[in-house]
Amino acid sequence: HVHLPAGSVPKDGPSAGVTIAVALTSCFHGKLCRADTAMTGEISLHGAVLPVGGVAEKVRAARKVGISRVVVPEANQREAREALQDGGKGEKVEVIAVRWVQEAIEACIEGGNPWAAPSERPTPSNYGAGGQQTLLSRAVD
């Protein structure tokens with residue numbers, strides 16, 4: 001459990017959960033994060049990626065600075081896609097919607113998710129209710 005107490009803007013902290021999990025995975029395994037990918041999303045203790053606010057603005061900002069891929073919570077997917085339909089400047093941006101932190105890690109780390117063997121990539125059946133595993137339980141197994 002990573003806890004970041006007071007010291008930030010209260011609204012901004014939770015949406016960094018996915019980014020923090022990806023950064024820690026990158027550090028632990030010595031794997032690079034993809035430079036063309038931006039991400040946002042709150043994560044639960046079980047690894048579910050929860051919706052966040054301000055996704056439209058985040059996606060437009062990513063496009064403006066040349067990011068070609070954005071990872072967003074599945075619940076924010078519609079908002080992200082609509083934000084890209086406004087015809088703003090920049091390259092085409094791919095929206096990657098995720099339900100679980102393992103999916104975000106898979107999308108953001110070069111070479112995929114180092115916590116899971118290739119045959120164990122996250123799917124709704126092996127990370128759904130009753131069979132949830134967290135990022136840290138994977139590391140301990």
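Located above this text is the structure these notes cover.
So, a few notes on the structure that sits alongside this text. Note that this is a predicted model, so its numbers are computed, not measured.

Position of alanine 80 relative to the elements: it lies in helix H3 (residues 77–83). When the C-alpha positions of alanine 80 and valine 55 are compared, they lie 6.0 Å apart, and in sequence the two are 25 residues distant. In contact with alanine 80, not counting residues within four places along its chain, are Val55, Val59, Val72 and Val95.

Among the structural elements, arginine 63 can be located in helix H2 (residues 55–64). In this structure, the C-alpha to C-alpha distance between arginine 63 and lysine 92, residues 29 residues apart in sequence, is 7.5 Å.

This part covers the sheet that holds strand E5 (residues 94–98). The three strands are arranged E1-E4-E5 in an open sheet whose pairing can be described as parallel. A strand with exactly one partner marks an edge of an open sheet, and here the two such strands are strand E1 (37–39) and E5. The average undirected angle you get between the axes of adjacent strands in this sheet is 25°. In terms of strand pairing, E1 meets strand E4 (residues 69–73) through three bridges, oriented parallel. The residue of E4 that forms the bridge with alanine 38 is valine 70.

Once that is clear, we can look at H2. Every α-helix carries 3.6 residues per turn, so stepping three or four residues along brings you back to the same face. Three or more residues of H2 are buried, namely Val55, Ala56, Val59, Ala62 and Arg63. Mapping the buried residues of H2 onto a view down its axis gives an arc of 130°, with all of them on the same face. Contacts from the buried residues of H2 go to E1, E4 and H3. Glycine 66 occupies a position one or two residues after H2 and carries a positive phi of about 95°.

Burial runs high along E4: five of the five residues are buried. Taken together, the five bridges between E4 and E5 define a ladder with parallel strand orientation. Within E5, the residue paired with arginine 69 across the bridge is glutamate 94.

Let us now look at the environment of valine 22. Residue placement: valine 22 occurs in helix H1 (residues 17–29). You can call valine 22 buried: its relative accessible area is 1%. As a C-alpha pair, valine 22 and alanine 107 span 85 residues in sequence and 9.6 Å in three-dimensional space. Look past the residues within four positions of valine 22 in its chain and what remains in contact with it is Cys33, Met39, Ala104, Ile105, Cys108 and Ile109.

The rules we used
- Residues numbered from 1 in each chain as written.
- Predicted model: local features only at pLDDT ≥ 70, side-chain atom pairs only at ≥ 80, totals over all residues.
- Heavy atoms only, no water.
- Helix = DSSP H or I, 4+ residues; strand = E, 2+ residues; numbered from the N terminus.
- Contact = heavy atoms within 4.5 Å.
- Pairing = 2+ DSSP bridges.
- Axes fitted to C-alpha atoms, helices over the stretch in contact; angles between N-to-C directions.
- Buried < 20%, exposed > 50% of the residue type's maximum accessible area, 1.4 Å probe, protein only.
- Arc of directions from axis to C-beta.

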